[in-house]
Amino acid sequence: MGLRNRQWLLARRPAGSLSEQDFEYRETPVAEPDPDAGDVLLRNLWLSFDATQREWVKDQEGYLPPVGLGEVMRASAVAEVVRSANPALPEGSLVQGLFGWQDYVIVRPDDAIPPSPLPAGVSPEMCLAALGGTSLTAYFGLVDIGGLAAGKTVVVSAAGGATGSMAVQIARLRGARVIGIAGGADKCAWVKSLGADDCIDYHAENLPERLAALCPEGIDIAFDNVGGAQLEAMIGQLAHRGRAVLCGQIAGYDAPEAPPGPRNLMTLIYRRARVEGFLMLDYLHRTHEAFAELGPWLGSGELRWHADVQEGFEHIPRTLLRLFRGENRGKQLLRLDPPKGGPA
Ligand SMILES: NC(=O)c1ccc[n+]([C@@H]2O[C@H](COP(=O)([O-])OP(=O)(O)OC[C@H]3O[C@@H](n4cnc5c(N)ncnc54)[C@H](OP(=O)(O)O)[C@@H]3O)[C@@H](O)[C@H]2O)c1
């Protein structure tokens, strides 16, 4: 075929903040797919950027093995089927999966995480943003772990990100009162435009004081994406029998040392409150439940999604950094330019 594969590899384990130098660019020839083995050749079109990728590059226990040094960086993507002997994945169709930071990838039907076809009429952006893992995370974290119900007071941290912006809206659409926490006045204004009753700018405002002022009866559900000081502030304001849903701890992912844990866990005892973590992966068999509720809201426009789209293969590593600098709004994506010499 003579195709070249552009790739970004993990060059070293990041020490402290992630940097572009943690990744190395390489070009290799694309292997010939073997139709007898069921090989399907894909070309990536869109990449998803997720906070969890920062955890995948650490040499530590996780829900997936760490990305190895010298390996292609793992990433969710939407790709086009370029060559296929598999009738279930016809050439020209779009599929989603963990295809990594590269132009081409060969997948097989017996892969541990096989590619899944995009539903008809769903664009790659919509698939990765509105219908992607971050939306499912927001849904199941709130509904299943948080016990979301009308009239509850819900606080969401990293409320302007992919997971948070969906959590804010799902809580509001279910009739809850919603307070967001986000970095910067502009992001807070955007979170309010999504329907949050208020949004606290943690860069400029005193978080514990503002939570106390905005949630005088206490927080029923604290949906926490951040950990550290923000989790401590939310625990401090939990209502009697309130719940803190541990979705993520991004304040610690990119720091040389994890921030200190909440110092106020006695509050959980006095208020008979609960802290519970969860993994969206455990809900994959229940996605139909989420889509049954999210689908009509998306169709009616009541639930809005925003994709923050970067362009260009060379900008892949720096696009991941955007998540840890608070530069993204909504779901961070990157559209790949067609590789030179490949099919347009
Ligand atoms: N449990 C699960 O199954 C599951 C699944 C998916 C995601 N998650 C978690 O959900 C969280 C959000 O992930 P995402 O992929 O949707 O990313 P995201 O929210 O789109 O982007 C990350 C946001 O986090 C905030 N942030 C970054 N560094 C921070 C720091 N040091 N302190 C405070 N805030 C910081 C920034 O917003 P500001 O500008 O507002 O600071 C940034 O925009 C992560 O913790 C992730 O691990 C969990």
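Residues numbered from 1 in each chain as written. Predicted model: local features only at pLDDT ≥ 70, side-chain atom pairs only at ≥ 80, totals over all residues. Heavy atoms only, no water.

## Thoughts on the overall build of the chain
Turning to step 1, where the next piece is worked out: Scanning the chain from N- to C-terminus turns up 11 helices and 15 strands.
Turning to step 2, where the next piece is worked out: Here the chain, with 344 residues, has 51% of them falling under the buried criterion.
Turning to step 3, where the next piece is worked out: Within the chain, contacts between residues separated by at least 24 positions form 67% of all contacts whose residues are at least 6 apart in sequence.
Turning to step 4, where the next piece is worked out: Within the chain, the 42 negative side-chain charges are centred at a point lying 5 Å from the centre of the 33 positive side-chain charges. (Helix = DSSP H or I, 4+ residues; strand = E, 2+ residues; numbered from the N terminus. Buried < 20%, exposed > 50% of the residue type's maximum accessible area, 1.4 Å probe, protein only. Contact = heavy atoms within 4.5 Å. Lys, Arg positive; Asp, Glu negative; His and termini not counted. Charge placed at Lys NZ, Arg CZ, Asp CG, Glu CD.)

## Some thoughts on the site of the ligand
Turning to step 1, where the next piece is worked out: If you check the shell around the ligand, you find 29 residues, and the closest are Thr-163, Lys-187, Tyr-202, Tyr-253 and Asn-328.
Turning to step 2, where the next piece is worked out: Measuring from an oxygen atom of the ligand, one finds a backbone N or O atom of Ala-162 at 2.8 Å.
Turning to step 3, where the next piece is worked out: Contact distances for the ligand include 2.7 Å between an oxygen atom and a side-chain N or O atom of Tyr-253.
Turning to step 4, where the next piece is worked out: In the complex, 89% of the free accessible area of the ligand, which totals 930 Å², lies under the protein chains. (Near = heavy atom within 4 Å. Polar contact = N/O pair within 3.5 Å; in protein donor to acceptor, adjacent residues only side chain to side chain. Areas by Shrake-Rupley, 256 points an atom, 1.4 Å probe, with all protein chains shown as cover.)

## A closer look at the sheet that holds strand S8 (residues 153-156)
Turning to step 1, where the next piece is worked out: With parallel pairing, the 6 strands of this open sheet are ordered in space as S10-S9-S8-S11-S12-S13. Here the strands that pair on one side only, and so sit at the sheet edges, are strand S10 (198-201) and strand S13 (274-277). Within this sheet the neighbouring strands show an average axis-to-axis angle of 15°, counted without direction.
Turning to step 2, where the next piece is worked out: The pairing of strand S12 (residues 238-246) with S13 spans 4 bridges and is parallel. Each bridged residue has a counterpart across the sheet, and for Leu-246 the counterpart in S13 is Gly-277. (Pairing = 2+ DSSP bridges. Axes fitted to C-alpha atoms, helices over the stretch in contact; angles between N-to-C directions.)

## A word on the packing of aromatic side chains
Turning to step 1, where the next piece is worked out: Using the criterion set out here, one finds 6 aromatic pairs in the structure.
Turning to step 2, where the next piece is worked out: For the pair Tyr-25 and Phe-313, a centre-to-centre distance of 6.1 Å together with 80° between the ring planes defines the contact as edge-to-face. Taken together, the positions of Tyr-25 in strand S2 (residues 23-29) and Phe-313 in the loop between strand S14 (307-311) and helix H11 (316-324) put the pair 288 residues apart, joining distant regions of the chain.
Turning to step 3, where the next piece is worked out: The exposure class assigned to Tyr-25 is partly exposed, which follows from its relative accessible area of 36%.
Turning to step 4, where the next piece is worked out: Under the relative-accessibility criterion, Phe-313 is labelled buried at 2%.
Turning to step 5, where the next piece is worked out: Centre to centre, the rings of Phe-140 and Tyr-283 are 4.6 Å apart; their planes meet at 15°, and the pair counts as stacked. Remark: Tyr-283 occurs in the loop between S13 and helix H10 (287-300) and Phe-140 occurs in helix H3 (residues 133-145); sequence separation between them is 143 residues.
Turning to step 6, where the next piece is worked out: When its relative accessible area of 1% is taken as the criterion, Phe-140 is described as buried. (Phe/Tyr/Trp six-rings, centres within 6.5 Å; stacked < 30°, edge-to-face > 60°.)

## Here we look at the environment of Tyr-283
Turning to step 1, where the next piece is worked out: Note on Tyr-283: relative accessible area 9%, which makes it buried.
Turning to step 2, where the next piece is worked out: In this structure, Tyr-283 is in contact with Phe-140, Asp-144, Ile-145 and Phe-278, ignoring residues within four places of it in sequence.

## Remarks on the pattern of salt bridges
Turning to step 1, where the next piece is worked out: Counted according to the given criterion, the structure contains 22 salt bridges.
Turning to step 2, where the next piece is worked out: Among the salt bridges present, the one from Arg-274 reaches Glu-276, with a minimum N-O distance of 3.8 Å.
Turning to step 3, where the next piece is worked out: With relative accessibility at 29%, the residue Glu-276 sits in the partly exposed group.
Turning to step 4, where the next piece is worked out: Here the salt bridges share partners, and the residues they tie into one network are Lys-192, Asp-198, Glu-205 and Arg-210. (Salt bridge = Lys/Arg side-chain N within 4 Å of Asp/Glu carboxyl O.)

## Looking at unusual backbone geometry
Turning to step 1, where the next piece is worked out: Even without being a glycine, Ala-158 presents a positive backbone phi close to 45°.
Turning to step 2, where the next piece is worked out: The topology assignment puts Ala-158 in the loop between S8 and helix H4 (162-173).
Turning to step 3, where the next piece is worked out: Ala-158 sits in the partly exposed class, given a relative accessible area of 28%.

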